[in-house]
Amino acid sequence: KHKTARVVFGPDLVMLGPDEQFTVNSLSGDVPKKPHVIKSLALLLGPDFMTDVVVVETSDHARLSLKLSYNWFFEVDKENPSKIFAVPDFVGDTCKAIASTVRGAVATETFDNFHKKSADIIRQAVF
């Protein structure tokens, strides 16, 4: 028995050996994101998008609910393809990290300023 993972690209016919088994990916899903909603054998490399709802609070304590969508794709290193599985739930981790950054940026702004420049503030925080 070998303890090495086999990664297959593309639509392809895969026959498992007697000591092999599929690995089920468990990803976050729904809006807002909840862990372990999506169970999949295949990981699509994109381009695709994910949507999340983030509750933010401005410096003058106005609470807002923002619906954010992110475009993404994987840049795969063909020499070491198992790197794409290094993070078990990339959807949940990405949404949490971006939501935290956006919350921090919005917390420094007043409601009036955020209302006027919301797109610029969010873009500057994320990029």
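Use the structure listed above.
No experiment lies behind these values; they were computed from the predicted model shown.

Next up on the list: the nonpolar core. Residues Met50, Leu66, Leu68, Phe90 and Val102 are the most contacted members of the largest nonpolar core, which totals 21 residues. Among the elements of the structure, strand 3 (48-57), strand 4 (63-72), helix 1 (90-107) and helix 2 (111-126) are those that each provide at least two residues to this core. Among the elements that line this core, the one with the most residues is helix 1, at eight residues. When near neighbours in sequence (up to four residues on either side) are disregarded, Met50 contacts Lys33, Leu68, Ser69, Tyr70, Trp72, Phe90, Val91, Thr94 and Cys95.

The next point concerns unusual backbone geometry. The omega torsion across Val31 and Pro32 is 0°, close enough to zero to call that bond cis. Of note, Pro32 is situated in the loop between strand 1 (25-29) and strand 2 (34-40). Residue Pro47 is bonded to the preceding Gly46 through a cis peptide linkage, with omega at 5°. Note on placement: Pro47 falls in the loop between strand 2 and strand 3. Even without being a glycine, Asp30 presents a positive backbone phi close to 70°. Of note, the phi angle at His36 is positive, near 60°, even though the residue is not glycine.

Our next topic: helix 2. With 16 residues, helix 2 should reach 22 Å at 1.5 Å per residue; the first-to-last C-alpha distance of 19 Å falls well below that figure. The sharpest bend along helix 2 measures roughly 90° and falls at Lys117. Listed in full, the buried residues belonging to helix 2 are Phe114, Ile121 and Ile122. The inward-facing, buried residues of helix 2 contact strand 4 and helix 1.

Parameters and conventions
Residues numbered from 1 in each chain as written. Predicted model: local features only at pLDDT ≥ 70, side-chain atom pairs only at ≥ 80, totals over all residues. Heavy atoms only, no water. Core = buried A, V, L, I, M, F, W, Y, C linked by side-chain atoms within 4.5 Å. Buried < 20%, exposed > 50% of the residue type's maximum accessible area, 1.4 Å probe, protein only. Helix = DSSP H or I, 4+ residues; strand = E, 2+ residues; numbered from the N terminus. Contact = heavy atoms within 4.5 Å. Expected span 1.5 Å × (residues − 1). Bend = angle between axes of the 7 residues up to and from the residue.

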